Amino acid sequence: MLNKIILFCLLSVIYSHAIEEQRIQTVMDSKVKKVLDVLKDKKLSQKQKEQKSIRVMDGIFDYHTMAQISLGKKWKTLSSKEKKQFTHAFEKKIKHSYVDKLRLYNNQKVIIKALKKPKSNRITLENQIIGKSDTYKVIYQFYKKKKKNDWYIYDVRLSGVSIVQTYRKQFSDFLKTKSFSQLLKSL
Amino acid sequence: MKFILLVCALLFLQACSSKEVTTPLITEDKTSSSSPEEYTKECNSCDEDKNELTDEFDNEFEDEEKNIIDPLSGYNSMMTTFNDAVIIYALNPVAEAYGYIIPEPLRIGVSNAIKNINFPVRFVNNILQGKFQNSSDELERFIINSTIGIAGLMDPAAKYKNIPAHREDFGQTLGYYGVGPGFHIVLPFLGPSNVRDSIGIIADGYVSPLINVKDIVSYKIPDNLAQTIGITTLYFINRTSLNLGEYESIKKDAIDLYPFLRDIYEQKRVSEIDE
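Calculation notes
- Residues numbered from 1 in each chain as written.
- Chains lettered and ligands numbered in written order.
- Predicted model: local features only at pLDDT ≥ 70, side-chain atom pairs only at ≥ 80, totals over all residues.
- Heavy atoms only, no water.
- Helix = DSSP H or I, 4+ residues; strand = E, 2+ residues; numbered from the N terminus.
- Buried < 20%, exposed > 50% of the residue type's maximum accessible area, 1.4 Å probe, protein only.
- 1 Å grid on protein atoms, 1.4 Å probe; cavity = no way out; pocket = protein on both sides within 12 Å on 5 of 7 lines; lining within 4 Å.
- Points joined across faces, edges and corners; volume = space filled by probe spheres on them.
- Nonpolar A, V, L, I, M, F, W, Y, C, P; charged D, E, K, R; others polar.
- Core = buried A, V, L, I, M, F, W, Y, C linked by side-chain atoms within 4.5 Å.
- Contact = heavy atoms within 4.5 Å.
- Pairing = 2+ DSSP bridges.
- Polar contact = N/O pair within 3.5 Å; in protein donor to acceptor, adjacent residues only side chain to side chain.
- pLDDT = per-residue confidence, 0-100.

A. Local environment of the overall build of chain B. Looking only at helices and strands, chain B has 12 helices and two strands in total. Along its sequence from the N terminus, chain B presents helices and strands in the succession α-α-α-α-α-α-α-α-β-β-α-α-α-α. Across the 275 residues that make up chain B, the buried fraction comes to 41%.

Structure representation (structure tokens):
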């Protein structure tokens, strides 16, 4: 009996993970397609396109975690009000940058490639954007929230460059010479 | 009986877990929590979670205070400003005019042709790294694209036979064998580089048919330095005309341009070498 229980537990763990992984791929696939459709829709103005595509991607980006990682050690020294202000400003900045990039990749083809699971609570999903002269690799990085079973994006790598890592470095350099409130302003 | 109950319980749990997964991902039109007030709600429930995760993420990302050895930072910063001005005031307007005159399919053809001619660089470096399948892909691509693809203007190898190009240069080859990047150097016109990759550019120049080298004339297309510069300039103008606005968009993410460009260049190279 005990053996059977263990076996079932194991099987169910494996099976439930498989479902999660499949979900991520299909959901991301449909989201990317949706964004591309929005971008190709000639009836929409540029602004509408941007708002719509941000809304499609919104639920899966964890801006709070991204903001926190990007500040590194400094995060712990902030008051909760400052944390909120920073997260708010950072989210705006990221969205703005995302929209700006979308504008460039209006008519391009996206291929969803491999999904990998380097750790039990990490999943990476590789996309390929076929541009006019080059191919770009985009990797979405997901993490699993503890105690829950929700997967969220905490970083995006464009051609091997981590967005969060880049901000982390920049913020740290900035804070060496300037104050936190100046950083907030510059965002 | 116990057994059936157990199975039911397990199935139930499993259904729950898979349902939970769908919630955050599937709600497509969930509006963003963009006001600071809404963050309060969100954060009260997740702060504990966050603390546990912080350490894990800190290990995953590079230490933000890590010092980079950058003896040329003064010169590099100046050269970045120079290159930036060249791109904004010379390259972009010229590429825009060029793109206005020459239709896009032809410009894509030029881009393909230049890549095709540079095949020996990729071929040799793939071999040097022991990536023989990639080199044979490259050889096949070169043969198909040079013939059916009309001197490389088209890329039927990728389009119909699904053979991708495998970009490798000598800087990557050195990195593959464990040579570190050395300090960062911003090259005039060519942009960010480092000691290792600058050596790589020179070595690749010997192999590339598009760069003339004294005493090696057998398969080199340009006969002298002026022609080499001409071809390289055409390459840059053509590439920029196909990616107008890209540099400006990247630049907008920078707080301070030079360290930003240095950082993304070094990150990109690390990931290219890892592949």
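B. Inspection of the layout of surface pockets at higher detail. Considering only enclosed or pocket space, the second largest pocket measures out at about 900 Å³ in volume. The wall of the second largest pocket is formed by 31 residues, among which Glu62(B), Glu266(B), Gln267(B), Val270(B) and Ser271(B) lie closest to the centre. Listed by contribution, the elements that provide at least two residues to the lining of the second largest pocket are strand 1 (109-119), strand 2 (122-130), strand 3 (135-144) and helix 5 (163-177) of chain A together with helix 12 (257-274) of chain B. Element by element, the count of residues in the lining of the second largest pocket is highest for helix 12 of chain B, at seven residues. Residues that form the lining of the second largest pocket fall into these classes: eight nonpolar, 10 polar and 13 charged.

C. Seen up close, the nonpolar core. Among the nonpolar cores identified, the biggest contains 42 residues, and Met28(A), Phe61(A), Leu71(A), Phe86(A), Tyr140(A) and Phe142(A) are the most heavily contacted of them. Residues in contact with Tyr140(A), not counting those within four places in the same chain, are Met28(A), Met57(A), Phe61(A), Ile123(A), Thr124(A), Leu125(A), Asn127(A), Ile153(A), Asp155(A) and Val156(A).

D. Spotlight on the environment of Tyr177(B). Residues and elements named next belong to chain B. Looking at the element boundaries, Tyr-177 is found in the loop between helix 8 (170-176) and strand 1 (184-187). Accessibility expressed as a relative area gives 54% for Tyr-177, which makes it exposed. Taking the C-alpha atoms as reference points, Tyr-177 and Asn-76, 101 residues apart in sequence, are found 27 Å from one another.

E. Expanded view of the pairing of strand 1 of chain B. All names here are of chain B. Alternating residues of strand 1 divide into His-184 and Val-186 and Ile-185 and Leu-187, and every residue in both groups is buried. Alignment of strand 1 against strand 2 (residues 191-194), held across four bridges, turns out to be antiparallel. When the bridges of strand 2 are listed, His-184 appears paired with Asn-194. Linking two consecutive strands that pair antiparallel, namely strand 1 and strand 2, is a turn of three residues; a positive phi of about 65° is found at Phe-189 within it.

F. Highlighting the side chain of Ser70(A). All names here are of chain A. For Ser-70, the position within the fold is in helix 3 (residues 63-71). Overall, the relative accessible area of 0% leaves Ser-70 in the buried class. Looking at Ser-70, its side chain comes within polar contact range of the main-chain oxygen of Ala-67, at 2.7 Å. If we ignore the near neighbours within four places in the chain, the residues touching Ser-70 are Phe-86, Phe-90, Val-164, Tyr-167, Arg-168 and Phe-171.

G. Representation of the pairing of strand 1 of chain A within the structure. In this sheet, strand 2 of chain A lies alongside strand 1 of chain A in antiparallel orientation, the contact comprising seven bridges. In the strand pairing of strand 2 of chain A, Lys119(A) is matched with Arg122(A).

H. Fine view of unusual backbone geometry. All names here are of chain B. Positive phi, close to 50°, is recorded for Ala-151, a residue that is not glycine. Accessibility expressed as a relative area gives 52% for Ala-151, which makes it exposed. A positive phi angle is found at Asn-162, which is not glycine, with a value near 60°. Residue class for Asn-162 comes out exposed when judged on its relative accessible area of 66%.

I. Focus on the confidence of the model for chain A. Residues and elements named next belong to chain A. For chain A, per-residue confidence averages 82 on the pLDDT scale, and 87% of positions sit at 70 or higher. Mean pLDDT per element in chain A: helix 1 (residues 2-40) is the minimum at 69, and strand 5 (residues 161-162) is the maximum at 92. Note that residues 14-19 has pLDDT below 50 and, in this model, seven contacts with residues that lie over four places away or in other chains.

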